[in-house]
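One-letter residues, chain by chain:
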Amino acid sequence: MFQPESMSRLLIVASKQQLGPVITELFRMNIFHIDDYVEKGDEEFEGFRIGMPLAGADVTSAALVKIRSIASAFGISKDTVSDTKRSSLNELKRRVEQDLPAIAEDVEKLLAKKTKHESSVKEFEQRIEALRPFIDAPAPLELLQGYDTVSFIAGNVKGPINLSVPCEIWEKQSKSGNFVILAVKNSDVSTAEKELLDFQIQKVQIPSETGSATQATYEYEQKILELNKEITELETQMESIRSKHEIFLMSSEEFLSGDVEQAEAPLRFATSEHAFAVTGWVPTSKATKVFENLDAACAGKVYVSELEVEDYNEMPPVEYDNPDFAHPTQLFMDLYSRPRYTELDPSMLMAIVFPIMFGLILGDVGYGLVLLIMALGLRSLVKGSEAGMQLVAVLRNCSISAVIFGVAFSEAFGFSLPWQPVWLSRHINIGGSGAAEPAIEELAAHGMATSAEHVSHIPQLLVLSIWIGILHITLGRLWGLRNAAVMDHGHHRSLKMYANVGWILVMWGILIAIWGNFPIPLMPDLSGTPELVAGMNIATIAGIVILVLGLVLIARENVLDLMEVPTIISNVLSYTRLIAVGLSSVAIAMVTNFIAIDMIITPQLENLSIVGIVLIIFGIMAFLFGHTLNTALGLLGGGLHPLRLHYVEFFTKFYRGGGKKYDPFGMVRKLTEQN
Amino acid sequence: MAAEIMTVEVAQASAAGMKAIGAGLAVGLSGFGAGIGEMGIGAAAMGAVAENKDMFGIALLFTVLPETIVIFGLVVALLLMFQ
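Scoring rules and cut-offs
- Residues numbered from 1 in each chain as written.
- Chains lettered and ligands numbered in written order.
- Predicted model: local features only at pLDDT ≥ 70, side-chain atom pairs only at ≥ 80, totals over all residues.
- Helix = DSSP H or I, 4+ residues; strand = E, 2+ residues; numbered from the N terminus.
- Rg over C-alpha atoms; globule rule 2.2 N^0.38 Å.
- Buried ≥ 20, exposed ≤ 12 C-beta atoms within 10 Å, placed from the backbone.
- Contact = placed C-beta atoms within 7 Å.
- Nonpolar A, V, L, I, M, F, W, Y, C, P; charged D, E, K, R; others polar.
- pLDDT = per-residue confidence, 0-100.
- Expected span 1.5 Å × (residues − 1).
- Arc of directions from axis to C-beta.
- Core = buried A, V, L, I, M, F, W, Y, C linked by C-beta atoms within 7 Å.
- Domains from an automatic or database assignment.
- Pairing = 2+ DSSP bridges.
- Axes fitted to C-alpha atoms, helices over the stretch in contact; angles between N-to-C directions.
- Parallel < 35°, antiparallel > 145°, perpendicular 65-115°, else oblique.
- Left-handed = near helix turned anticlockwise from the far one by under 90°.

A. Broad picture of the overall build of chain B. The secondary structure content of chain B amounts to four helices and zero strands. Of the regular secondary structure in chain B, the N- to C-terminal order runs α-α-α-α. Rg of the C-alpha trace for chain B: 20 Å, well past the compact-globule value of 12 Å for 83 residues, more than 25% over. Its C-alpha atoms give chain B principal-axis dimensions of roughly 70 × 25 × 10 Å. A burial count over chain B gives 27% of its 83 residues as buried.

This is the structure we're talking about:
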């Protein structure tokens, strides 16, 4: 529950004849996490080397590459193929041998043709672009080149030009400057070019075409049209191939990638001339299954044994072992870092606390329902992506919690609901002076602030959030104590355990000292305790004693850690964001309602006119805009802040992370049958 | 001049106004602080995420770290306004 799945380390040894059956069986079971064999001269593995891939791996890989290239040309992937009948492996094998080469050839031909056409289109487009300046040219293009004694220069220049050498100039005005074509004697070309530089000439190549530029452009446009028609036709052909073979391609991709993975498995094994050995991890509950199945697959010619594990801290891969409702939060754990094998896995606690924090922040029936509908709607969109499904599930839980808190806070889109808030209220007064009685009554009529009394619950709410912080952080330290007890060794272990106790003592010591001096709502009031010395009462002195004891315990582990002591206060105060961020979203909602309804819509409704109706529509738009914005902010704030409270304030107290992901050898087949 | 028209109501109203100004300053200035803090972190975080998408979670976390300052400002403002 709060621990990852228990793992056992297995050693499998057999003669090389059994390599095939063992790999096939392990792949089929999909529970064995292979420890890759690394040649580093261990004594027990003397004479063993990394194995060679099974025969046929290269052929399979080649076919797989072919299929993947076709798939990428078609833009199809496993996720885009809808659920269908699973193909049998033998059938697929036959078709890969018989049909695949022909399909690949067809697709390649079509693709090559398409690419050729597309590059021609691009070339023609470039030529049209080059012809554009010459559309009004005074002479056909063939007359502008190929003379023995005369050269033509074309280009864009700034301002009218004026050269010292004899020349003939044709000029065309345009917005960006003048386009000129000029004819000069060959002997004058270099002088002319030099002088043209003064006019900032950007030379343009004269296209080697015949006839007028307009005519040439028209011809190219026709060609492009034809090519585009052919490209469309090719695409239709490819589309028909795609729809015909899509399922075959994707299921054989799955089949072949499974085959390749199996064929390459020996690269992770230790092999000698006649035998092979492989170590790996399986969930302890399934270890006997591995024994039995391998025995059956190799007719008893395999040796499987469970190995002793020396250091549980580092080695085993980690697989979560949580009840179903906590699965979505594992996403947040992986986002941070997977827990190590021996440490506490906080995903279950997070699955409970995270939605509560989200609800406390958002706490609005209206927004909660909007998010709930969004979560349910998104479910079909993220099908196929595990992380997406997890995220949507978290959103669903959070929005349900927001609705529950909304009912308790009596809030929907910033309006109060027709009942009093349960226990604490966070209704605030927007758009009126909080002190004057009539104003409050007027506001209450608009459903905004129900009474002056409710306004004053905000300090209590802040204290409530501080309580959440104190408990959360104390729990974090207690878990830190437990992790130190299990994961550390020797002298360091006890120091670390004491230090965790020290942190708890310092925090509670500060708290008791504060209680001894100031009465705070929702917290014990110890300020009435009798005075002892120097004007300090018993509670204050007890608090200081506990604090100092805690400091000593912290300093014993590491004196420098004392510098971190002020973070206790900032960490606890950080939890006030649960209320502060929530209040800001309440305020935005109320302001939106005030602007849209009280300032725009209501005055117009009293005196309906045409302008008034336009203004009312405008008011409705302002209402929708404000609440859409606030929903987005609520989602972002409600999601990010609890996440940060977990990552920064909570995890830093105990969590180490860095566990290896449990990645069993095998695959989940979607489109093919199990062999 | 001011002393002549100063009544109890005016004094109360101006005290309330001062409170409101204080609350506004608390949120506004702490917002500036957090913004300046997040500026560098955010830029670096974008760089890190561009290099390695897996960094997104941690990058986001680091980026919102200075936000605590605003929260403190907001809490001070709330206490000013509602206590």
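B. Fine view of the overall build of chain A. Assigned secondary structure in chain A consists of 19 helices and 14 strands. Along the longest, intermediate and shortest principal axes, the C-alpha atoms of chain A span 115 × 95 × 55 Å. For chain A, with 675 residues in total, the buried portion stands at 34%. Sequence-distant contacts, at least 24 apart, represent 79% of the contacts inside chain A between residues at least 6 apart.

C. Representation of the interface of chain B and chain A. In this assembly, 13 residues from chain B lie in contact with 19 residues from chain A. Considering each element in turn, the side of chain B that touches chain A owes the most residues, eight residues, to helix α4 (residues 67-82) of chain B. Looking at the side of chain B that touches chain A residue by residue, the classes come out as 10 nonpolar, three polar and no charged.

D. Focus on the confidence of the model for chain A. Chain-level pLDDT for chain A is 84 on average; 93% of the residues reach the 70-or-more range. Low pLDDT (under 50) marks residues 431-443 of chain A, which in the prediction has 14 contacts with non-local residues, meaning those over four places away or in another chain.

E. Representation of helix α16 (residues 538-557) of chain A in the model. All names here are of chain A. Counted at 1.5 Å a residue, the expected span for α16 with its 20 residues is 28 Å, and the 29 Å between its end C-alpha atoms agrees. Every buried residue of α16 is accounted for by Ala539, Thr540, Gly543, Ile546, Leu547, Gly550, Leu553 and Ile554. Down the axis of α16, the buried side of the element spans an arc of 150 degrees, and every buried residue falls inside it. Against the buried residues of α16 lie α15 (490-517) and β14 (536-537).

F. View of the nonpolar core. Judged by nonpolar contacts, the single largest core of 84 residues is most densely connected at Ala402(A), Ala580(A), Leu74(B) and Leu78(B). Domain assignment of the residues forming this core places at least three in each of domain 2 (324-456 + 576-653) and domain 3 (469-573) of chain A. Every residue in contact with Leu74(B), bar those within four places of it in the chain, is listed here: Ala580(A), Ser584(A) and Val27(B). Counting residues in hydrophobic clusters, the runner-up holds 25 residues, among them Leu26(A), Val290(A), Val318(A) and Phe665(A).

G. Fine view of helix α2 (residues 8-51) of chain B. Residues and elements named next belong to chain B. Taking 1.5 Å per residue, 44 residues should reach 64 Å; α2 reaches 64 Å between its end C-alpha atoms and fits that length. Among the residues making up α2, those that are buried are Ala26, Val27, Ser30, Ala34 and Ala45. If you follow the buried residues of α2, they end up packed against α3 (56-64) and α4.

H. Structural context of the pairing of strand β6 (residues 177-185) of chain A. All names here are of chain A. For strand β4 (residues 150-157) and β6, the ladder comprises eight bridges, and the chain directions are antiparallel. Bridge pairing in β6 places Asn156 opposite Phe179. Here strand β5 (residues 167-174) pairs with β6 via eight bridges, running antiparallel. Paired with Gln173 across the strands is Asn178, a residue of β6. Where β5 folds back on β6, the antiparallel hairpin that results is connected by two residues.

I. The arrangement of the environment of Gln200(A) in detail. Residues and elements named next belong to chain A. Inspection of the secondary structure assignment puts Gln200 in the loop between α5 (189-197) and β7 (202-203). Spatially, the C-alpha atom of Gln200 lies 76 Å from that of Asp488, the residues being 288 residues apart in sequence. With near-sequence residues (within four places) excluded, Gln200 lies in contact with Val157 and Lys158.

J. Molecular detail of the sheet that holds β7(A). Residue and element names in this part refer to chain A. Pairing is antiparallel in the open sheet, where four strands are placed in the order β5-β6-β4-β7. On the outer flanks of this sheet lie β5 and β7, each paired with one strand and no other. Bridge analysis of β4 against β7 gives two bridges, and the strand direction is antiparallel. Bridge pairing links Asn156 to Gln202 in β7. Where α5 meets the sheet, its contacts fall on β4, β5 and β6, and the angle it forms with β4 comes to roughly 5 degrees.

K. Geometry of the domain arrangement of chain A. Residues and elements named next belong to chain A. By domain assignment, chain A separates into domain 1 (129-216), domain 2 (324-456 + 576-653) and domain 3 (469-573). One C-alpha centre belongs to domain 2, the other to domain 3, and the line joining them spans 34 Å. Listed as interface residues are seven residues of domain 2 and, on the opposing side, 12 residues of domain 3. Among the residues forming the side of domain 2 that touches domain 3, the class breakdown is two nonpolar, two polar and three charged.

L. How the structure looks around the environment of Ala299(A). Residues and elements named next belong to chain A. Its place among the elements puts Ala299 in the loop between α7 (287-297) and β10 (302-307). Overall, the presence of 9 C-beta atoms within 10 Å leaves Ala299 in the exposed class. Distance from Ala299 to Phe269, taken between C-alpha atoms, is 21 Å for residues 30 residues apart in sequence.

M. Molecular detail of the confidence of the model for chain B. All names here are of chain B. Mean pLDDT for chain B: 84, with 93% of residues reaching 70 or above. Put simply, helix α1 (residues 2-5) is where chain B has its lowest mean pLDDT, 59, and α2 is where it has its highest, 90. Under the prediction, the complex receives an ipTM of 0.74, its pTM being 0.75.

N. Fine view of the packing of helix α10 (residues 365-381) of chain A against helix α11 (residues 386-409) of chain A. Residue and element names in this part refer to chain A. Running from N to C, α10 and α11 cross one another at 160 degrees; their axes reach a closest spacing of 8 Å. Comparing the axis directions of α10 and α11 gives the class roughly antiparallel. As for the relative orientation of α10 and α11, their crossing is left-handed in sense. Each of Val365, Tyr367, Gly368, Leu369, Leu371, Leu372, Ala375, Leu376, Leu378 and Arg379 in α10 lies in contact with α11, whose residues at this interface are Val392, Leu395, Arg396, Ser399, Ile400, Ala402, Val403, Gly406 and Val407. Classifying every residue of the contact of α10 with α11 gives 14 nonpolar, three polar and two charged.

O. Structural view of unusual backbone geometry. Residue and element names in this part refer to chain A. Look at Ser410: it is not a glycine, yet its phi comes out positive at around 60 degrees. Here Ser410 lies in the loop between α11 and β11 (411-412). Classification of Ser410 by C-beta neighbours within 10 Å gives buried; the count is 22.

P. Molecular detail of the environment of Met29(A). Residue and element names in this part refer to chain A. Tracing the chain through its elements places Met29 in helix α1 (residues 19-29). Residue classification places Met29 among the partly exposed residues on the basis of 18 C-beta atoms within 10 Å. The sequence separation of Met29 and Ala393 amounts to 364 residues, and the corresponding C-alpha distance is 29 Å. Apart from residues lying up to four places away in sequence, Met29 is in contact with Val290, Asn293 and Gly666.

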